Amino acid sequence: MRAWIKTESAPLELKSLSEQDWEAVEGDAWVDVAFSTVNYKDALAVTGKAPIVRRHPMVLGLDFSGTLRADAGPLKAGTPVVGNGWGMSETHWGGWSERTKVPVDWLTPIPSAFTPRQAMVIGTAGYTASLCVLALKEAGIRPSDGDVVVTGATGGVGSVAIHLLSKQGYRVLAVTGRKAHREWLESLGAAELLDRSELEGKVRPLGKERWIGGVDVVGSTVLANLISMTKYGGVIAATGLAGGMDLPASVAPFILRGVRLLGVDSVMCPAERRERAWAQLAEHLDVATLEALETEVAFDQIPQACQDLLAGQVRGRIVVPIP
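So what exactly am I meant to see when it comes to the environment of S89 here?
Its place among the elements puts S89 in the loop between β6 (80-84) and β7 (99-102). Those residues in contact with S89 that lie beyond four places of it in its chain are D42, I52, V53, M58, V59, L60, G61, L62 and G94.

Structure (structure tokens):
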């Protein structure tokens, strides 16, 4: 089987592996991989811009979809499954391979509403977006409470979050520095576009109240400004650090407006919550909309796709068919 491997001494390489090469890899479930993706975290790992890979050699690719080769646990051979998180691409070999091996508990059956390809158009980013929307709903944020803001609107998490929120009746403000994509964002459900520069300035302890909830993938100054402008009792779901890991915020919004900041993790998320996130996607995500979210990249073009993603030249989700 062919796989993209990164070592300590060499950049990403496309190599041929045998099952014997996988003997030391934890897992009781073999999956014939049909599709994978290129995520922001993948791109950081490939380029070395962040210390993502913690064990070498490493088969990269933090998510995949495909079919189970043989019965494993409660799942039967041939079951369409999706896998992501759990340290894949960091401490466990991942999905940029024609076949992969993981513990069966890491696999989620793909809802019947989606094909394996569509499951990867959604991928880790879409599933994470669904977790964020669940967090806002469970915190009591309703469409009638006011606007909801989404940062990184043209990215994988942001674009799916916009669509899921809009389909459930929320009025969504999309934050982006790429106004050329206005028509596309509006087709996903964005009611209004905000220029990213509005949230990149100096953070005031308390700004003008503008939204009741939000989904943030940027962190740093942008997240701090989101919090400062959140209405009384509002909630921000944070799940990214594209702008940095710092948070130059004040306690004022939390103690004077009762604002809540909820961290959303998709990596070690329990199976039951993963299934809830996928159920929400199956109920509210238009299959036709998935086509507008997809950019296809060939298996041997993954390294270039990583460069393009970090350069901000990609819209939506990068899907990789595994030959």
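Once you've had a look at it, read on.
Just checking my understanding: could you explain helix α5 (residues 220-228) for this structure?
Because the α-helix completes a turn every 3.6 residues, residues three or four places apart line up on one side. Taken across its nine residues, α5 has eight buried, putting it largely inside the fold. Close packing links the buried residues of α5 with β9 (148-150), β12 (211-216), β13 (230-238), α6 (252-256) and β14 (260-263).

I would appreciate a short explanation of the layout of surface pockets in the present structure.
In this structure, the second largest pocket spans a volume of roughly 160 Å³. Taken together, the residues that form the lining of the second largest pocket break down as seven nonpolar, three polar and two charged.

Could you clarify how one ought to interpret the sheet that holds β14 in this entry?
Two orientations exist for strands paired in a sheet by backbone hydrogen bonds: parallel and antiparallel. Strand order in the open sheet made by the six strands is β11-β10-β9-β12-β13-β14, with parallel pairing throughout. Whereas interior strands pair on both sides, the edge strands pair on one side only; in this sheet they are β11 (190-195) and β14. Ignoring which end each strand starts from, the neighbouring axes of this sheet average 20 degrees apart. When strand β10 (residues 172-176) meets β11, the two strands line up parallel, connected through five bridges.

Got a minute to help me understand the sheet that holds strand β1 (residues 2-6) in this structure?
The three strands are arranged β2-β1-β4 in an open sheet whose pairing can be described as antiparallel. The sheet is open, and its two borders are formed by β2 (13-16) and β4 (58-59), each paired with just one other strand. Bridge analysis of β1 against β2 gives four bridges, and the strand direction is antiparallel. By the bridge assignment, I5 is partnered in β2 with E13.

Would you explain the packing of helix α1 (residues 40-47) against helix α9 (residues 302-310) in this entry?
Two measures define how a pair of helices packs: the angle their axes make with one another and the distance between the axes. Across the interface, α1 lies against α9 with an axial gap of 9 Å and an inter-helix angle of 115 degrees. Of the possible angle classes, the one that applies to α1 and α9 is roughly perpendicular. You can see that α1 and α9 cross each other, and the crossing is left-handed. Where α1 approaches α9, its residues Y40, D42, A43, L44, V46 and T47 are matched on the opposing element by C306, Q307, L309 and L310. Taken together, the residues of the contact of α1 with α9 break down into seven nonpolar, two polar and one charged.

Rules and cut-offs
Here the residue numbering is sequential within each chain, running from 1 through the sequence in written order. Given that this is a predicted model, residues contribute local features only at a pLDDT of at least 70 and side-chain atom pairs are listed and counted only at 80 or more, while totals for whole chains, interfaces and linings are drawn from all residues. Side-chain descriptors were evaluated using all non-hydrogen atoms of the structure, hydrogens and water having been removed beforehand. To qualify as a helix, a DSSP run of H or I must reach at least 4 residues; to qualify as a strand, a run of E must reach at least 2; elements of each kind are numbered from the N terminus. Throughout, a residue-residue contact means that at least one pair of heavy atoms, one from each residue, lies within 4.5 Å. Note on exposure labels: buried denotes an accessible area under 20% of the residue type's maximum, exposed denotes more than 50%, and partly exposed covers the range between, all computed with a 1.4 Å probe on protein chains only. Cavities and pockets were defined on a 1 Å grid built from protein atoms only: a cavity is a group of points that admits a 1.4 Å probe but offers it no way out, a pocket is an open group of points flanked by protein on both sides within 12 Å along at least five of seven lines, and a lining residue is one with an atom within 4 Å of any such point. Grid points are joined across faces, edges and corners, and a volume is the space filled by probe spheres set on the points. All amino acids are sorted into three groups, where Ala, Val, Leu, Ile, Met, Phe, Trp, Tyr, Cys and Pro are nonpolar, Asp, Glu, Lys and Arg are charged, and the leftover types, Gly among them, are polar. Two strands make a pair as long as DSSP finds a minimum of two bridges between them. To define axes, lines are fitted to C-alpha atoms, for helices over the stretch in contact only, and angles between the resulting N-to-C directions are given on a 0 to 180 degree scale. Reported orientations rely on four angle classes, namely roughly parallel under 35 degrees, roughly antiparallel over 145, roughly perpendicular from 65 to 115, and oblique for the rest. In this scheme the crossing of two helices becomes right-handed for a clockwise turn of the near helix relative to the far one and left-handed for an anticlockwise turn of less than a right angle.

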